[in-house]
Amino acid sequence: MGRPREAEVAFLRMDLFHGEIFVVAADGDVKALPTGATPIDFAYSVHTEVGQHCAGAKVNGRIAPLSPELKNGDTSGGLGGHLFAKPVAGGDG
């Protein structure tokens with residue numbers, strides 16, 4: 001007796017995307033990141049300059065620290081939607 005079709009599909013999904021999570025950006029784009037990625041990793045996936053100047057994040061609509069791991073399906077980004085960058089004192093910009 002075989003497994004139900006739904007279980008087979010779920011197993012394939014887990015196997016295909018093992019080691020990856022998918023995070024939704026403020027503009028609706030889906031970013032694939034490695035398991036264990038944090039909001040700062042997300043910032044760098046958007047652009048190096050965003051990662052370099054990232055001072056805080058919003059995850060699922062709430063202000064969050066940069067260190068906790070993101071989970072599959074989280075929404076992350078900047079003001080009004082998600083990840084925000086703030087110029088650092090003494091920086092170039």
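Only a predicted model underlies this, so the values are computations on that prediction, with no experimental measurement involved.

Parameters at a glance
Residues numbered from 1 in each chain as written. Predicted model: local features only at pLDDT ≥ 70, side-chain atom pairs only at ≥ 80, totals over all residues. Heavy atoms only, no water. Buried < 20%, exposed > 50% of the residue type's maximum accessible area, 1.4 Å probe, protein only. Helix = DSSP H or I, 4+ residues; strand = E, 2+ residues; numbered from the N terminus. Arc of directions from axis to C-beta. Contact = heavy atoms within 4.5 Å. Pairing = 2+ DSSP bridges. Lys, Arg positive; Asp, Glu negative; His and termini not counted. Salt bridge = Lys/Arg side-chain N within 4 Å of Asp/Glu carboxyl O. Polar contact = N/O pair within 3.5 Å; in protein donor to acceptor, adjacent residues only side chain to side chain.

1. Structural notes on helix α2 (residues 39-46)
So, point 1. For α2, the set of buried residues is Pro39, Phe42 and Ala43. Around the axis of α2, the buried residues are gathered within 100° of arc, so they sit on the same side.
So, point 2. For α2, the secondary structure elements touched by its buried residues are β1 (20-24), β2 (30-34), α3 (48-53), β3 (54-59) and β5 (76-77).

2. Some thoughts on the environment of alanine 32
So, point 1. Along the chain, the position of alanine 32 falls in strand β2.
So, point 2. On the basis of relative accessible area, alanine 32 is assigned to the partly exposed category, the value being 44%.
So, point 3. Sequence separation between alanine 32 and asparagine 72 is 40 residues, and the spatial gap between their C-alpha atoms is 9.3 Å.
So, point 4. Here alanine 32 is in contact with Glu20, Ile21 and Phe22, once residues within four sequence places are set aside.

3. Looking at the pairing of β3
So, point 1. As defined by bridge partners, β3 adjoins strand β4 (residues 62-64) across three bridges and the pair is classed as antiparallel. Bridge pairing in β4 places alanine 57 opposite alanine 64.

4. Quick notes on the side chain of aspartate 74
So, point 1. With respect to the secondary-structure elements, aspartate 74 resides in the loop between β4 and β5.
So, point 2. Despite its burial, aspartate 74 pairs with no opposite charge; the closest candidate is lysine 71, at 4.6 Å N-O.
So, point 3. Within the local environment of aspartate 74, its side chain forms a polar contact with the backbone nitrogen of lysine 71, the two atoms lying 2.8 Å apart.
So, point 4. Aside from chain neighbours lying at most four places away, what touches aspartate 74 is Phe22, Val23, Val24, Val59 and Asn60.

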